[in-house]
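Now for the letters of each chain:
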Amino acid sequence: MRRSAIIFTTIVSMVLCVSLLAFSVYAHLTQTFSVSNTIGFNPNDNVYVALECRISGAVQTSMTNPPSGYDSVDDYLYAMGIYQDVGLDGSPLLGEEGCTVTEWNILESLDFASVTQPIVYTITVYNYSDMPIRVSIISDYVTDSDHITNQVSDPVEIEGYQHDSKPSFAEIRLSTRVSDTTSGFSDVENNFTVLFETV
């Protein structure tokens, strides 16, 4: 009788250990890692630019089929603000009177496609100003926290606009990585501001 009790307790202990291990693996695989964003644009006087804003490395940008209600993935990405253009379609440039865009507002949280790869915010800036400009991401972004770590590209300088040619352009980026892959998080704020100034 005593021997069967020992065997029974051993089996129960092993089942509990395997269940705990399976639950831990499941919990790790189903963790959420997401950030929310509002990106501000701060142009100095006499700065006029067009912008092409794109995000990569998020679950949303890895889709191959559009969500219900959208004709294409691009339609969805534009509707959610994950892609945004300013002044590229003949609308007022950033800095011009009549331009209503003051920020890049992303309407839903971005989920990391992989905890080992960053979400990258890329802003292509086309300079329509008469003088050279400098574009930089200023220091209001999260540099390092328990959840995310951000790295920004160096400021870029863009030549002034020559009215008989295409505008000069350059890209600036912010890359966001998961700091701790063992602990999920949701809707962590990842706001930053892009400064446009004359040189």
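Chains are numbered independently. Their residues run from 1 in the order of the written sequence. At least 70 in pLDDT is required for a residue's local features to be given in this predicted model, at least 80 for side-chain atom pairs to be given and counted, and no such filter applies to totals for whole chains, interfaces and linings, which use all residues. Side-chain numbers here rest on the full set of heavy atoms in the structure, without hydrogens or water.

Moving on: the overall build of the protein chain. Strands are runs of DSSP state E lasting at least 2 residues, helices are runs of H or I lasting at least 4, and numbering of each runs from the N terminus. Looking only at helices and strands, one finds two helices and 13 strands in the protein chain. Every one of the 199 residues in the protein chain was classed for burial, and the buried ones make up 34%. Considering only intrachain contacts with a sequence separation of at least 6, the fraction spanning at least 24 residues in the protein chain is 80%. Only protein chains enter the accessibility calculation, which uses a 1.4 Å probe. A residue is then buried if its area is under 20% of the maximum for its type, exposed if over 50%, and partly exposed in between. Contact between two residues is taken to exist if any of their heavy atoms lie within 4.5 Å; hydrogens are not considered.

Okay, the pairing of strand S11 (residues 169-178) next. In S11, alternate side chains face the same way, and those of Ala-170, Ile-172, Leu-174, Thr-176 and Val-178 are buried while those of Phe-169, Glu-171, Arg-173, Ser-175 and Arg-177 on the opposite face are not. Paired strands, in this sense, are two strands between which DSSP finds at least two bridges. By the bridge criterion, eight bridges tie strand S7 (residues 119-127) to S11 in an arrangement that is antiparallel. Across the sheet, residue Val-120 finds its bridge partner in S11, namely Ser-175. Where strand S9 (residues 148-152) and S11 come together, five bridges link them in antiparallel fashion. By the bridge assignment for S11, Val-152 is matched with Leu-174.

Below, the discussion takes up the nonpolar core. If you look at the biggest cluster of nonpolar residues, it comprises 43 residues, and the most contacted ones within it are Phe-41, Leu-51, Tyr-121 and Phe-196. Beyond its immediate stretch of four places on either side in the chain, Phe-196 contacts Phe-41, Asn-42, Pro-43, Asn-44, Val-47, Val-49, Leu-51, Leu-94, Val-125, Arg-134 and Val-135. Within this scheme, the nonpolar core is defined by two criteria: the residues are buried Ala, Val, Leu, Ile, Met, Phe, Trp, Tyr or Cys, and they are joined through side-chain atoms within 4.5 Å.

Time to look at the packing of aromatic side chains. Within a pair of aromatic rings, the relevant descriptors are the distance that separates the centres and the angle that separates the planes. Between 30 and 60 degrees the pair is tilted, below 30 it is stacked and above 60 it is edge-to-face, where a pair is any two Phe, Tyr or Trp rings, Trp via its six-membered ring, whose centres lie within 6.5 Å. Here the structure, examined in full by the defined rule, presents nine aromatic pairs. On the basis of an interplanar angle of 35° and a centroid distance of 5.3 Å, the ring pair of Tyr-126 and Phe-169 is categorised as tilted. One end of the pair, Tyr-126, is in strand S7; the other, Phe-169, is in strand S11, and 43 residues separate them in sequence. A network of ring pairs unites the aromatic residues Phe-33, Phe-112 and Phe-185 as a single cluster. Between the NZ or CZ atom of Arg-54 and the centre of the ring of Tyr-83, over which it lies, the distance is 4.6 Å. Each ring is checked for a lysine NZ or an arginine CZ that lies within 6 Å of its centre and within 35 degrees of its normal; such an atom marks a charge sitting over the ring.

With that settled, consider the side chain of Ser-34. If you trace the backbone, Ser-34 turns up in strand S1 (residues 33-36). Pairing of N or O atoms within 3.5 Å defines a polar contact, subject to two protein rules: one partner must be a possible hydrogen donor and the other a possible acceptor, and residues neighboring in sequence count only if both atoms are side-chain atoms. Within the structure, the side chain of Ser-34 is placed 2.9 Å from the backbone nitrogen of Asp-187, a separation counted as a polar contact. Apart from the residues within four sequence positions on either side, Ser-34 is in contact with Ser-109, Leu-110, Asp-111, Phe-112, Phe-185, Ser-186, Asp-187 and Val-188.

Turning our attention to the pairing of S7. Remark: a regular strand shows side chains that alternate across the two faces of the sheet. Counting buried positions over the nine residues of S7 gives nine, a clear majority of the element. The pairing of strand S3 (residues 49-56) with S7 spans eight bridges and is antiparallel. Counted as the bridge partner of Arg-54 is Thr-122 from S7.

Our next topic: the sheet that holds S11. Strand order in the open sheet formed by five strands is S4-S3-S7-S11-S9, and the pairing between neighbours is antiparallel. For this open sheet the edge positions go to strand S4 (84-86) and S9, each flanked by a neighbour on one side alone. Each strand of the sheet is rotated relative to its neighbour by a mean of 15°, with strand direction disregarded. Comment: axis = line fitted to C-alpha atoms, over the contacting stretch for helices; angle = value between 0 and 180 degrees taken between N-to-C directions.

Spatially, S6-S1-S12 is the arrangement adopted by the three strands of the open sheet, whose pairing is mixed. One side of each edge strand has no neighbouring strand; the edge strands of this open sheet are strand S6 (110-111) and strand S12 (185-189). Here S1 pairs with S6 via two bridges, running antiparallel. Considered in S6, the bridge of Val-35 is made with Leu-110.

With that out of the way, let us pick up the confidence of the model for the protein chain. Across the chain, each position has a pLDDT score giving the predictor's confidence in that residue, from 0 to 100. Here the protein chain shows a mean pLDDT of 90. Residues at 70 or above account for 90%. For residues 22-29, every residue scores under 50 in pLDDT, and the model assigns this stretch two contacts once sequence neighbours within four places are set aside.

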